[in-house]
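# Structural features, examined
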Amino acid sequence: MESLQEISKLLQKGRAPQVKELVQQALDSGENPQKILEEGLLSGMSEIGEKFKNNEVFVPEVLIAARAMNAGIEVLRPSLVAAGVSSKGTAVIGTVKGDLHDIGKNLVKMMLEGKGISVIDLGVNVSAEAFVAAAVEHHADLICCSALLTTTMNEMGRVVAEAQRQGIRDQVKIMVGGAPVTQAFCDRIGADCYTADAASAADAALSFCVA
């Protein structure tokens, strides 16, 4: 138990080599892989998410914590697969067509992974058709669209329309975010959720996946 708390603390400090080492030690001592994931890695990332939301840490700290989490998951992955541990849900994420900004999208991706959600990252300049095709292919629970330019926001409305056209609108929740996006815009295009920051997006995403 103490070692799992230590993993969580080291992850929050971004100490990737030590996180890796302690995860391996926990596995070698017979600790349950899912317990290591949830009480060590995910709890640490969750703490970072809360601190980020409260402006106690900033983007650089989130990035190094995410790197430490990924280092731990790398060690843990074979054991998780062998134990049949499944993710809490699947999200398709990307920056919409015409927009090449990815810092916000990458932050949301890290926060989603920190909640135990599998993320299919489509990158930037992603068309409505590509979002929906990926959601169908991966049986996604969520489509997460990011935009930083007012000129590209309307592509989000096309994602909602394309999901309806493909007949999957009732199977997938569509989340939107980015500097120019507002709750009013989200309501207008018929998306399911808008959040103002990455940590809140991850909380909302998890609530959709476990609903």
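Residues numbered from 1 in each chain as written. Predicted model: local features only at pLDDT ≥ 70, side-chain atom pairs only at ≥ 80, totals over all residues. Heavy atoms only, no water.

Put simply, the rule is: UniProt positions are given in the numbering used here, feature names are shortened, and annotations may be inferred rather than shown by experiment.
Looking at an unreviewed UniProt entry, the chain carries the name Corrinoid protein, with the source organism given as Yeguia hominis. According to UniProt, the comment filed for the chain under the heading Sequence similarities (unreviewed entry) is "Belongs to the methylamine corrinoid protein family."

## What to know about the sheet that holds strand E1 (residues 90-95)
This is how the line gets drawn: Any two strands with at least two DSSP bridges between them are considered paired. Secondary structure elements are taken from DSSP: a helix is a run of H or I of four residues or more, a strand is a run of E of two residues or more, and numbering for both begins at the N terminus. Only heavy atoms matter for contacts: two residues are in contact if any of them lie within 4.5 Å across the pair. Axis lines are fitted through C-alpha atoms, for helices just across the contact stretch, and the angle between N-to-C directions can take any value from 0 to 180 degrees.
With parallel pairing, five strands are arranged side by side in an open sheet as E2-E1-E3-E4-E5. Two strands close off the open sheet at either side, each with one partner strand: strand E2 (118-121) and strand E5 (193-194). As paired strands, strand E3 (residues 142-146) and strand E4 (residues 173-177) are joined by five bridges and run parallel to one another. Among the inter-strand pairings, Cys-144 is bridged to a residue of E4, identified as Met-175. Docked against the sheet, helix H6 (residues 128-137) engages E1 and E3, running at close to 165° with respect to E1. The strands touched by helix H7 (residues 154-165) are E3 and E4; relative to E4, the strand with the most contacts, the crossing angle is about 175°.

## Topic: H7
In an α-helix there are 3.6 residues to a turn, and that puts residues three or four apart on one side. Note the threshold: Here the expected span of a helix is defined as 1.5 Å times the quantity of residues minus one. Relative accessibility thresholds used throughout: buried, under 20% of the residue-type maximum; exposed, over 50%; partly exposed, between the two (1.4 Å probe, protein chains only). Of all possible arcs, the one meant is that of the directions from the helix axis to the C-beta atoms.
A rise of 1.5 Å per residue sets the reference length of H7, with its 12 residues, at 16 Å; its end C-alpha atoms lie 17 Å apart and thus fit the reference within 8%. When H7 is considered as a whole, its buried residues turn out to be Glu-155, Met-156, Val-159, Val-160, Glu-162 and Ala-163. End-on view of H7: buried residues confined to an arc of 165°, all on one side of the axis. Turned more than 90 degrees off the buried face of H7, the exposed positions are Gln-164 and Arg-165. Of the residues trailing H7, Gly-167 is marked for its positive phi of about 75°.

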